[in-house]
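Listed here are the chains, written in short residue letters.
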Amino acid sequence: MPEKNISDTIQNILDKNKGFVLLSNLPALLSNEVRQQLGIKKSKETAGILQKKIEAAASEGQFMFRKKGAKTYILTPCEPSELVLGLLSSKKPFDMKTINTLPFTKPEVIETVNVLVEAGQAKITLTKDFKPQIFRAEAVAAPKPSVPAGYTPEAFREAFDLLDNGRIFVRIPDLRRMLNWPRNVFDQMLRDLRDKSIIQLHTADASTMKGNEVEDCFIDENNFRMGTVTYNVK
């Protein structure tokens, strides 16, 4: 099995498990073929050995590994706020016991939740017995910021065409770096062109990215990481 397929298999498992898995549980989630390719057993492998074998089969920076006490987690590269926000619901309260299963310490999660609340992305309510409940904040329509003068759709398209080379799609990290616009301006241009149905954005394939390319993708309003852009055919 090609190396990329091993990485894709692990990434699919992470995607189905909110972006993280206890490393000791991973072998049982892999097929026999993938375990054989990685040279791991279904059990009795230490976290350190598992991590080294996965890192050898994956692209640099494709997965993160975090220790929490005696436990080690494997997760998709992300900020704590991305992971916590992905777990929150606007209808069902966040189970505080779930904090213990997160690959972050309680102080890190508490700080992250406070940041999300201050940013208006999460809200906290109290039950009748004074237990806190955390919800994802309902999306509220707000005036859309405009792109400053000088940053034009024409300049955006020109950079796209230079990177296109007949492939139809362009990677957002490459486009971001070529234009070298302020991050908020670049992201707003993507939103404007998408909302006008001029372009389409597609989810990122982390297995094809290295270094800071994952961070240079675009996070949309639903907390999905977008990695490529295409122009709609008129």
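Criteria and cut-off values
Residues numbered from 1 in each chain as written. Predicted model: local features only at pLDDT ≥ 70, side-chain atom pairs only at ≥ 80, totals over all residues. Heavy atoms only, no water. Pairing = 2+ DSSP bridges. Helix = DSSP H or I, 4+ residues; strand = E, 2+ residues; numbered from the N terminus. Buried < 20%, exposed > 50% of the residue type's maximum accessible area, 1.4 Å probe, protein only. Axes fitted to C-alpha atoms, helices over the stretch in contact; angles between N-to-C directions. Parallel < 35°, antiparallel > 145°, perpendicular 65-115°, else oblique. Left-handed = near helix turned anticlockwise from the far one by under 90°. Contact = heavy atoms within 4.5 Å. Nonpolar A, V, L, I, M, F, W, Y, C, P; charged D, E, K, R; others polar. Salt bridge = Lys/Arg side-chain N within 4 Å of Asp/Glu carboxyl O. Core = buried A, V, L, I, M, F, W, Y, C linked by side-chain atoms within 4.5 Å. Expected span 1.5 Å × (residues − 1). 1 Å grid on protein atoms, 1.4 Å probe; cavity = no way out; pocket = protein on both sides within 12 Å on 5 of 7 lines; lining within 4 Å. Points joined across faces, edges and corners; volume = space filled by probe spheres on them.

Trainee: Describe the pairing of strand β5 (residues 132-136), naming the residues involved and giving the relevant values.
Mentor: Bridge count for strand β4 (residues 122-126) against β5 is five bridges, and the pairing is antiparallel. Paired with A122 across the two strands is R136, which belongs to β5.

Trainee: Now, about the pairing of strand β9 (residues 225-231): what can you tell me, with residues and values included?
Mentor: Burial within β9 is extensive, with seven of its seven residues counted as buried. As defined by bridge partners, strand β6 (residues 169-171) adjoins β9 across three bridges and the pair is classed as antiparallel. Looking at the pairing, F169 lines up with T230 of β9. Strand direction decides the pairing type here: strand β7 (residues 199-203) and β9, joined by five bridges, are antiparallel.

Trainee: Describe the packing of helix α8 (residues 172-179) against helix α9 (residues 183-195), listing the residues and the values that go with them.
Mentor: For the pair α8 and α9, the least separation of the axes is 11 Å and the interaxial angle reads 125°. Between α8 and α9, the interaxial angle falls into the category oblique. Crossing of α8 against α9: the hand is right-handed. Residue-level contacts link I172, L175, R176 and L179 of α8 to R183, F186, D187 and L190 of α9. The residue inventory of the contact of α8 with α9, partitioned by class, reads five nonpolar, no polar and three charged.

Trainee: Tell me about the pattern of salt bridges, and name the residues and values.
Mentor: For the structure shown, the criterion picks out ten salt bridges. For R171, the salt bridge identified is with D174, shortest N-O distance 3.2 Å. The class for D174 is partly exposed, based on a relative accessible area of 25%. The shortest N-O distance in the salt bridge between D216 and R177 comes to 2.8 Å. Placement of D216 in the loop between β7 and β8 (218-219) and of R177 in helix α8 is noted, with a sequence separation of 39 residues between them.

Trainee: A description of the nonpolar core should follow, citing residues and the corresponding values.
Mentor: Considering soluble globular proteins, one finds that nonpolar side chains tend to be buried as a cluster. If you look at the biggest cluster of nonpolar residues, it comprises 21 residues, and the most contacted ones within it are F156, I172, L175, F186, L190, L201 and V229. For this core, the secondary structure elements donating two or more residues are α7 (153-164), α8, α9, β7 and β9. For this core, the element with the most residues is α9, which contributes five residues. Look past the residues within four positions of I172 in its chain and what remains in contact with it is F186, L190, L201, D216, C217, F218, M226, G227, T228 and V229. Listed in part, the 18 residues of the second largest apolar core include I13, L30, F63 and I74.

Trainee: If you had to explain α9 to someone new, which residues and values would you point to?
Mentor: With 13 residues, α9 extends 18 Å from end C-alpha to end C-alpha; this agrees with the ideal 18 Å at 1.5 Å per step. Three or more residues of α9 are buried, namely V185, F186, D187, Q188, M189, L190, D192 and L193. In the core, the buried residues of α9 are packed alongside α7, α8, β7, β8 and β9. In the segment just after α9, S197 is the residue with positive phi, at about 60°.

Trainee: Could you give me a rundown of the layout of surface pockets, with the residues and numbers involved?
Mentor: One number sums up the size of the second largest pocket: a volume of about 770 Å³. Forming the walls of the second largest pocket are 24 residues, and the residues nearest its centre are D15, T76, N223, F224 and R225. Put simply, the parts of the chain that give the lining of the second largest pocket at least two residues each are α1 (3-16) and α5 (80-87). Looking at the lining of the second largest pocket, the element that brings in the most residues is α1, giving five residues. Along the lines of polarity and charge, the residues of the lining of the second largest pocket split into eight nonpolar, nine polar and seven charged.

Trainee: Lay out unusual backbone geometry in plain terms, naming residues and giving numbers.
Mentor: The residue N180 is not glycine, and still its phi comes out positive at about 55°. Position of N180 relative to the elements: it lies in the loop between α8 and α9. Located in the positive-phi region is S197, a residue other than glycine, with phi close to 60°. What makes S197 exposed here is its relative accessible area of 52%.

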